[in-house]
Amino acid sequence: MIVSRAPVRFSLGGGGTDLPAYSDRFGGYLVSASIDKYIYVTANKRFHRDIRLAYSKTEIVPSVDAIEHPIFREALRLVGIEHSIELTSVADLPANSGLGSSSSFTVALLNALHTYKRDFVSSEQLAREACSIEMDRLGEPVGRQDQYIAAYGNITAFTFETDGSVHVEPVPVRDEVMEELESNLLIVWSGIERPARVVLGEQRERITQLEADVIERMHRIKEIGHEVRRLLVAGALDEYGDLLHLHWTQKRRLASKMTDPVIDEHYEAARTAGALGGKLMGAGGGGFFMFYVRPGDRRRVIETMIGRGLRILRFRFDLDGARIVANLHRS
């Protein structure tokens, strides 16, 4: 039995500039952080020659080609495992939550499969292979942030070059600053689940058509990514909170389904209660809010959100990235 896990993430600034429609032309830059909420995958040798998969449903199939779940199917093809394996997946958080869970699942799965074959692979290889499955093989309209932060973990800056390469740089945030940031970020479940492709497909199309307004907003979001890194290193967290609001005002106009009147009402209620700034995680349209709230305003914002029927997610930053947490595999 092998147990693999990979963390989900928060995009702290610059999110969206990793989309190939933008980064392949202009280059992208963002700061992301993994948290202690995980996707787990187990792999075990199966006595029978068929393949058994257990996730939100169960599949028992005679071959890889017969697998319905696209990521399981393509990962097994990529690694070259053809039969006699049982794979299961469980998650700390729901899918379509804006925290990159699909890519975290892909990274955790690949790590489990490589370990099953007794192959050592680097974080870079896990990230690249996950990108290949989601973007190339399955044609999902996603970027490279989620796969890379799931593989590397920590608070990390990524530069997405126009040639498709990715430069990875851990952000040197002091321990006391990281602890303060954990305390001042308030994560709130909106109660709305929406697949990222619904929003990202439109955003990709508008970027591809080089709509001037969209490209200018993407440039500004990239600048915000660089500014976020500077503020985190300097420990200027209240300034980061103000910058979050600017980030959201730019991001919310990139696609028509990025927000809606209910989401806007929740956001304004949090701001009125004392949040300096915030945004929806991931592509938008639902999932989790992230608000920056000073300690004196935290209880009031929490009570406001709970009063509106929303839920609070408690978290810590994850420093490890993708890991094999148990390996009892025997050939």
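Residues numbered from 1 in each chain as written. Predicted model: local features only at pLDDT ≥ 70, side-chain atom pairs only at ≥ 80, totals over all residues. Heavy atoms only, no water.

## Topic: a negative patch on the surface
Step number 1: Residues Glu 180, Asp 238, Glu 239 and Asp 242 make up a contiguous surface patch of negative charge.
Step number 2: Per-element accounting of the negative patch gives the leading share, three residues, to helix 9 (residues 237–251). (Patch = residues over 30% accessible without salt bridge, like charges linked within 9 Å, V, L, I, M, F, W, Y side chains within 5 Å. Areas by Shrake-Rupley, 256 points an atom, 1.4 Å probe, with all protein chains shown as cover. Salt bridge = Lys/Arg side-chain N within 4 Å of Asp/Glu carboxyl O. Lys, Arg positive; Asp, Glu negative; His and termini not counted. Charge placed at Lys NZ, Arg CZ, Asp CG, Glu CD. Helix = DSSP H or I, 4+ residues; strand = E, 2+ residues; numbered from the N terminus.)

## Observations regarding helix 9
Step number 1: Here helix 9 is 15 residues long and its end C-alpha atoms lie 21 Å apart, about the 21 Å a rise of 1.5 Å per residue gives.
Step number 2: Those residues of helix 9 that fall on the buried side of the exposure criterion are Leu 237, Tyr 240, Gly 241, Leu 243, Leu 244, His 247, Trp 248, Gln 250 and Lys 251. (Expected span 1.5 Å × (residues − 1). Buried < 20%, exposed > 50% of the residue type's maximum accessible area, 1.4 Å probe, protein only.)

## Remarks on the layout of surface pockets
Step number 1: Within this model, the second largest pocket holds a volume of roughly 240 Å³.
Step number 2: Around the second largest pocket, the lining is made up of 19 residues, and of these Pro 20, Cys 131, Met 135, Asp 136 and Arg 144 lie nearest the centre.
Step number 3: Where the lining of the second largest pocket is concerned, the elements lending two or more residues are helix 1 (20–26) and helix 4 (123–137).
Step number 4: Ranked by residues supplied to the lining of the second largest pocket, first place goes to helix 4 with six residues.
Step number 5: Tallied by class, residues from the lining of the second largest pocket come to nine nonpolar, four polar and six charged. (1 Å grid on protein atoms, 1.4 Å probe; cavity = no way out; pocket = protein on both sides within 12 Å on 5 of 7 lines; lining within 4 Å. Points joined across faces, edges and corners; volume = space filled by probe spheres on them. Nonpolar A, V, L, I, M, F, W, Y, C, P; charged D, E, K, R; others polar.)

## A closer look at the pattern of salt bridges
Step number 1: Counted under the stated rule, the structure contains 20 salt bridges.
Step number 2: Ionic pairing is found between Glu 74 and Arg 77, a salt bridge with its closest N-O pair at 2.7 Å. Here Glu 74 and its partner Arg 77 are both found in helix 2 (residues 70–79), three residues apart, which amounts to about one turn of the helix.
Step number 3: With a relative accessible area of 38%, Arg 77 lands in the partly exposed category.

## Focus on the packing of helix 3 (residues 101–116) against helix 4
Step number 1: Put simply, helix 3 and helix 4 touch, their axes get as near as 9 Å, and they point 120 degrees apart. Comparing the axis directions of helix 3 and helix 4 gives the class oblique. Seen along the crossing, helix 3 lies across helix 4 with a hand that is right-handed. The segment helix 3 lies against helix 4, with Ser 102, Ser 103, Thr 106, Val 107, Leu 110, Asn 111 and His 114 engaging Gln 125, Leu 126, Glu 129, Ala 130, Ile 133 and Glu 134.
Step number 2: When its residues are assigned to classes, the contact of helix 3 with helix 4 shows five nonpolar, six polar and two charged. (Axes fitted to C-alpha atoms, helices over the stretch in contact; angles between N-to-C directions. Parallel < 35°, antiparallel > 145°, perpendicular 65-115°, else oblique. Left-handed = near helix turned anticlockwise from the far one by under 90°. Contact = heavy atoms within 4.5 Å.)

## Quick word on the packing of aromatic side chains
Step number 1: What the rule picks out here adds up to 14 aromatic pairs.
Step number 2: A centroid spacing of 5.5 Å and a plane angle of 70 degrees characterise the contact between Phe 315 and Phe 317, whose relative ring orientation is edge-to-face.
Step number 3: Judged by its relative accessible area of 10%, Phe 315 falls in the buried class.
Step number 4: By relative accessible area, which is 9% here, Phe 317 ends up buried. (Phe/Tyr/Trp six-rings, centres within 6.5 Å; stacked < 30°, edge-to-face > 60°.)

## Some points on the domain arrangement of the protein
Step number 1: The domain boundaries assigned to the protein delineate domain 1 (2–171 + 318–327) and domain 2 (175–313).
Step number 2: For domain 1 and domain 2, the distance between their C-alpha centroids amounts to 24 Å.
Step number 3: Summing both partners gives a buried area of about 3,000 Å² for domain 1 against domain 2, and 70% of it is carried by carbon and sulfur.
Step number 4: Across the domain 1-domain 2 interface, the total number found is one salt bridge.
Step number 5: Salt-bridge contacts for Glu 169 lead to Arg 229; the nearest nitrogen and oxygen are separated by 2.8 Å.
Step number 6: Scanning the region where domain 1 abuts domain 2 turns up nine residue pairs in polar contact (both at pLDDT 80 or more).
Step number 7: Of all the elements in the fold, those that place two or more residues in the side of domain 1 that touches domain 2 are strand 1 (2–13), helix 1 and strand 2 (28–45).
Step number 8: Its residues assigned to classes, the side of domain 1 that touches domain 2 shows 17 nonpolar, 12 polar and five charged. (Domains from an automatic or database assignment. Buried area = accessible area lost by both parts, 1.4 Å probe. Polar contact = N/O pair within 3.5 Å; in protein donor to acceptor, adjacent residues only side chain to side chain.)

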